[in-house]
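Each chain is listed here by its residues.
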Amino acid sequence: MSQTTQTAGDGTAETVTLIDNRTGKKIDLPILKGSTGPDVIDIRKLYGATGCFTYDPGFTSTASCDSAITYIDGDEGVLLHRGYPIDQLAESSDFMEVCYLLLHGELPNAAQKTEFEATITRHTMVHEQLTQFYRGFRRDAHPMAVMCGVVGALSAFYHDSTDINDPKQRMIASHRLIAKLPTIAAMAYKYSVGQPFMYPRNDLGYAENFLYMTFGVPCEPYKVNPVIAKAMDKIFILHADHEQNASTSTVRLAGSSGANPFACIAAGIASLWGPAHGGANEAVLKMLEEIKTVDRIPEFINRAKDKNDNFRLMGFGHRVYKNYDPRAKVMQQTCKEVLAELGIKDDPLLDIAVELERIALSDPYFIEKKLYPNVDFYSGIILKAIGFPTSMFTVLFALARTVGWISQWKEMIEDPGQKIGRPRQLYMGQTPRDYVPVEKRG
Ligand code: ACO
């Protein structure tokens, strides 16, 4: 890892000195410097020196690891993957290239790209017996519930890629997950609408194949619209990774115990499901449908500002971005392209979204709290226009984020200093007391 201790102008290591007012003892804590972004205070020796833990629920001031994959500057609205700005990747690259970049650290050359695409393509089918898992679910099951179950079940099928100590097996598991997620996601959709599963077509590109498996049926040819396939590919790029967010941290924490990669990704999917995280794009659409007409927007803005109302404007605000989410800008443009291609001129939901964004961006409450639209604000509208039901939105997010999760998992496993993740706590419960037999309890 490239982390170094910060040094002052005179060459000495920079530290932060902590004075324990209880004892008067001084503790020097080293400052570590990354390649860019905020420095960190290394507190690993703090407990030994003071007998105190640090307290940071929600990790608002805590770097949980060092990583060389993704960099975010939330104040400036910057997102880099391996140094490359997200807007450049969305504009000029494609999802397969971004997968390679996240996994390997560099963009592939032409031969590496061809080989990587061929490898991923060869892993698109799932074990035939896996299809029987779907039939155990109710038809009205939320597809994210199905995803948690089926992705976790991959570890019951691919025993030859669950040894986390074997670099070859780690790579095969990574390829399998990237390749099979579209198949598994499309099958979740097909099951929910009662249509037959579609086998992958290896003559199609990654996004194209996913659209084919989702919307195609065996009884007639299905031609994938190239504009929609391109938009889908872009959506995948925009969701590919996002540093140490809740689901990625979940994957790392699950993996830190040595759990196999399929189980870890299933844990990430569970974490992504929540409306404060990946479930937000589904929540945005539900909110727009609830608002119904542009004239009702002020009522909802007031509710969002009311401290006594727990309603929030979905798709606004972000733990890290205190500026425009750079992915939201690309998503807004993609949204326009998709609606134009599909000939959707007057989408009432889009009208509400545009007006909501305009009002929120000029409202002092949102300005003061730096609540800007996030990536989910526009993605729901695009996905709905393409034909996905809202329940599939978070599934698509999981599909795209799988490469980020597995890259972060791999980076962690390959770190020689890796330890099991084990946070401590501030205990607020009962102090020791004697057991009382049931007949003596009041
Ligand atoms: N609408 C109204 N007020 C909001 C919103 C919102 N969307 N988001 C935050 N606030 C307010 C809070 O009420 C709080 O106000 P206060 O300081 O007066 O108490 C303040 O802004 C800070 O909010 P926190 O919840 O402390 O901020 P945090 O960083 O923990 O939360 C989060 C970030 C969860 C994303 C939040 O902004 C939110 O719930 N947004 C809506 C859900 C959403 O869009 N999630 C998608 C995130 S992006 C992703 O996962 C890809």
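Residue positions within a chain follow its written sequence, with the count starting from 1. Totals for whole chains, interfaces and linings use all residues, but because this is a predicted model, local features are given only for residues with pLDDT of at least 70 and pairs of side-chain atoms are given and counted only at 80 or more. To obtain the side-chain values, all non-hydrogen atoms of the structure were used and water was disregarded.

Observations concerning the layout of surface pockets
As a reminder, the rule being used: Residues are called lining when one of their atoms sits within 4 Å of a cavity or pocket point, these points coming from a 1 Å grid over the protein atoms alone, where a cavity is a set in which a 1.4 Å probe fits but cannot get out and a pocket is an open set with protein on both sides within 12 Å along at least five of seven lines. Grid points are joined across faces, edges and corners, and a volume is the space filled by probe spheres set on the points. Under the scheme used here, helices are H or I runs from DSSP no shorter than 4 residues and strands are E runs no shorter than 2 residues, and both carry numbers assigned from the N terminus. Ten residues, namely Ala, Val, Leu, Ile, Met, Phe, Trp, Tyr, Cys and Pro, are considered nonpolar, four, namely Asp, Glu, Lys and Arg, are considered charged, and the remaining ones, Gly among them, are considered polar.
The space that makes up the second largest pocket amounts to roughly 200 Å³. Looking at the second largest pocket, it is lined by 16 residues, and the ones nearest its centre are Met96, Thr121, Leu204, Gly205 and Tyr206. At the level of secondary structure, the elements contributing two or more residues to the lining of the second largest pocket comprise helix H3 (95-104), helix H4 (110-122), helix H7 (167-193) and helix H8 (206-215). If one sorts the elements of the lining of the second largest pocket by residue count, H4 sits on top with three residues. Classifying every residue of the lining of the second largest pocket gives seven nonpolar, five polar and four charged.

Topic: the sheet that holds strand E5 (residues 70-73)
In plain terms, the rule: For two strands to be treated as a pair, DSSP must find no fewer than two bridges joining them.
Read from one edge to the other, the open sheet built from three strands follows the order E5-E6-E7, with strand pairing classed as antiparallel. Every interior strand has two partners, whereas the edge strands, E5 and strand E7 (84-85), have only one.

What to know about the domain arrangement of the protein
To be explicit about the condition: Domain ranges listed in this record stem from an automatic or a database domain assignment.
Annotation of the protein at the domain level lists domain 1 (15-63) and domain 2 (93-412). Just the C-alpha atoms count here: the centres of domain 1 and domain 2 sit 36 Å apart.

Quick look at a nonpolar patch on the surface
What counts, and what does not: Residues enter patches when they are more than 30% accessible in relative terms and free of salt bridges; like-charged ones are connected within 9 Å and nonpolar ones (Val, Leu, Ile, Met, Phe, Trp, Tyr) within 5 Å. Using a 1.4 Å probe, the Shrake-Rupley method yields the accessible areas, and only the shown protein chains count as cover for residues. Whenever Lys or Arg places a side-chain nitrogen within 4 Å of a carboxyl oxygen from Asp or Glu, that contact is recorded as a salt bridge. Burial here depends on accessible area, computed with a 1.4 Å probe over protein chains only, as a share of the maximum for the residue type. Under 20% is buried, over 50% is exposed, and the range in between is partly exposed.
A cluster of nonpolar residues, Tyr55, Leu426 and Met428, forms a patch on the protein surface that exposes about 420 Å² of accessible area. Its location among the elements puts Tyr55 in the loop between helix H1 (46-50) and E5. Among the residues examined, Tyr55 registers a relative accessible area of 61% and is labelled exposed.

Notes on the site of the ligand
Threshold: Definition of nearness: a residue and a molecule or strand are near each other if at least one heavy atom of the residue lies within 4 Å of the molecule or strand. Think of a polar contact as two N or O atoms within 3.5 Å of one another; within protein, one of them needs to be a possible hydrogen donor and the other a possible acceptor, and neighboring residues in sequence only count if both atoms come from side chains.
Surrounding the ligand, one finds 21 residues, the nearest of these being Lys307, Leu313, Gly315, Arg319 and Lys369. At 2.8 Å, a side-chain N or O of Lys369 approaches an oxygen atom of the ligand. Considering the ligand on its own, with 930 Å² of exposed area, one finds that the protein chains cover 74% of that surface. For the shell around the ligand, the residue count by class is 11 nonpolar, five polar and five charged.

Quick notes on the pairing of strand E6 (residues 78-81)
Here E5 runs beside E6; their pairing, made up of four bridges, is antiparallel. Bridge pairing in E6 links Tyr71 to Leu80. In textbook terms, the turn of a hairpin is the stretch between consecutive antiparallel strands, and for E5 and E6 this stretch comprises four residues, one of which, Gly77, has a positive phi near 70°. Sheet topology places E6 next to E7; two bridges connect them, and they run antiparallel.

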